[in-house]
Amino acid sequence: MTGQITLKDVAAHAGVSRTTASYVVMGTGRVSQKTRDRVNQSIRTLGYVYNRGAASLRTQRSGTIGVIVTNIASPFFGELLVGLESELSKAGFLSLIVATADDPQRQDELVKALREHQVAGLALVPASGTGSGFLHSLKDWGVPHILMTRYLDGITAPYVGADDVLGGRLAAEHLLAHGCKSFAYLGGPVKVLSRRDRIAGARGALAEYGLGPDALLDMPGETSGPGGLALGEQLLARPEPLPDAIICHSDSVAFGLYRALRMHGRTNDVRVIGYDDVSGAALWEPPLTSIATHGEDLGRTAARLLLDQLNDAEGNMASTIALPELIVRESCGCPATP
């Protein structure tokens, strides 16, 4: 066979229709594994190379998905991106990943840039303070999109995240079972609704034990290791005693808090629970008890829901709220497990 190999050539070689061959190349449609293997063997034999640019011109849709997070360096967002990117890659899409530094203005600039790149869809973690006008602009643009881990109050939009009210409750209930009476919640931007929900869940559990809102000290701050360190120093500098227990907005905040506690020789003076259960939590010393939100699974789910929108002419707007899970280790005061 001479000249440029086409998808029609692949289909003829494999003994299938061009549509079936296209499904295999794009990773879509219902095709048996046996047929899929036969088409892939023909692709290798003939040396066929998919022309993504030409396909974009035909379909008026690029093969790129814009992905917007607040901080690429975050361990949790790293796990989220692994799941998201792997699922999008299976469907033949490249991920163009950018970060806003949690700045709504920067977010607007990045969306404009992604629009110029004609991305087929958007998966995003909204910056703190994102208003309803932002989502209205996405709807006016007509791009399929999904929000991840952060939703916007009063706005209906496809969303994937954990039940943060339940997550806060799980953390508080476990610490209450240890006999704790005073608490602090460390880290997270004030405007982030996931933070509000976690605190609401924790205070709901405290109320059931007869403890009022003042039993939980609210200390917002940067969601990072340095942010946790700074908040830990502030907590230790207060004239009041340390609380019995601290719930951290993320595992990274907990790592920073422990640095402050170690520097002051106070590591064993307070029970600590992190949030997200990133891979490093189990390796910390003491091993960090955490609320697992399973970031990689959330990323995979977000990708599937976004792909459903892309493949649904009527625009599938489904959302998923995942159940968090308490992972008990030693930082909360529980004994080490063998």
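Residues numbered from 1 in each chain as written. Predicted model: local features only at pLDDT ≥ 70, side-chain atom pairs only at ≥ 80, totals over all residues. Heavy atoms only, no water.

**Some thoughts on the overall build of the protein chain**
Using the following cut-off: Numbering of helices and strands starts at the N terminus; helices are DSSP runs of H or I of at least 4 residues and strands are runs of E of at least 2. Burial classes follow relative accessibility: with a 1.4 Å probe on protein chains only, a residue under 20% of its type's maximum area counts as buried, one over 50% as exposed, and anything between as partly exposed. The contact criterion used throughout is that any non-hydrogen atoms of two residues lie within 4.5 Å.
Counting its regular elements, the protein chain contains 12 helices and 12 strands. Counting only C-alpha atoms and orienting by the principal axes, one finds that the protein chain spans roughly 80 × 50 × 35 Å. Every one of the 338 residues in the protein chain was classed for burial, and the buried ones make up 49%. Considering only contacts within the protein chain whose residues lie at least 6 apart along the sequence, 70% involve residues at least 24 apart.

**Remarks on helix H7 (residues 132-141)**
As a reminder of what qualifies: It is the directions from the helix axis to the C-beta atoms whose arc is reported.
Where H7 is concerned, the buried positions are Phe 134, Leu 135, Leu 138 and Trp 141. One side of H7 carries all its buried residues, which in axial view fall inside an arc of 115°. Packed against the buried residues of H7 are helix H6 (104-116), strand E3 (121-124) and strand E4 (145-148). At the exit of H7 stands Gly 142, carrying a positive phi of roughly 85°.

**Section: the pairing of strand E6 (residues 183-186)**
Convention followed: Paired strands are those between which DSSP finds at least two bridges. When the strands point away from the viewer and the path from the first strand over the helix to the second turns clockwise, the crossover is right-handed.
Residues Phe 183 and Tyr 185 line one face of E6 and the alternating positions Ala 184 and Leu 186 line the opposite face, and both faces are buried. By the bridge criterion, 4 bridges tie E6 to strand E7 (residues 216-219) in an arrangement that is parallel. When the sheet's bridge partners are listed, Tyr 185 is paired in E7 with Asp 218. Each parallel crossover has a hand, and for E6 linked through helix H9 (residues 193-208) to E7 it is right-handed. Where E6 meets strand E8 (residues 245-248), 4 bridges bridge the pair, whose relative direction is parallel. Bridging across to E8, Ala 184 finds its partner in Ile 246.

**Some details on the packing of aromatic side chains**
For clarity, the threshold we go by: Two rings from Phe, Tyr or Trp (for Trp, the six-membered ring) form a pair when their centres sit within 6.5 Å of each other. Planes less than 30 degrees apart are called stacked, planes more than 60 degrees apart edge-to-face, and all others tilted. Our definition puts a charge over a ring when NZ of Lys or CZ of Arg is within 6 Å of the ring centre and also within 35 degrees of the ring normal.
Counted by the stated rule, this structure contains 3 aromatic pairs. A ring pair is formed by Phe 76 and Phe 77, whose centres lie 5.6 Å apart and whose planes are at 50°; its orientation type is tilted. Classification of Phe 76 by relative accessible area gives buried; the value is 9%. Classification of Phe 77 as buried rests on a relative accessible area of 9%. A centroid spacing of 4.3 Å and a plane angle of 25° characterise the contact between Phe 255 and Trp 284, whose relative ring orientation is stacked. Residue Phe 255 is found in helix H11 (residues 251-263), and its partner Trp 284 is found in the loop between strand E9 (271-276) and strand E10 (289-292); the two are separated by 29 residues along the sequence. Residue Trp 284 is classed as partly exposed on the basis of its relative accessible area of 25%. Lying over the aromatic face of Tyr 275, Arg 198 brings its terminal NZ or CZ to 3.6 Å of the ring centre.

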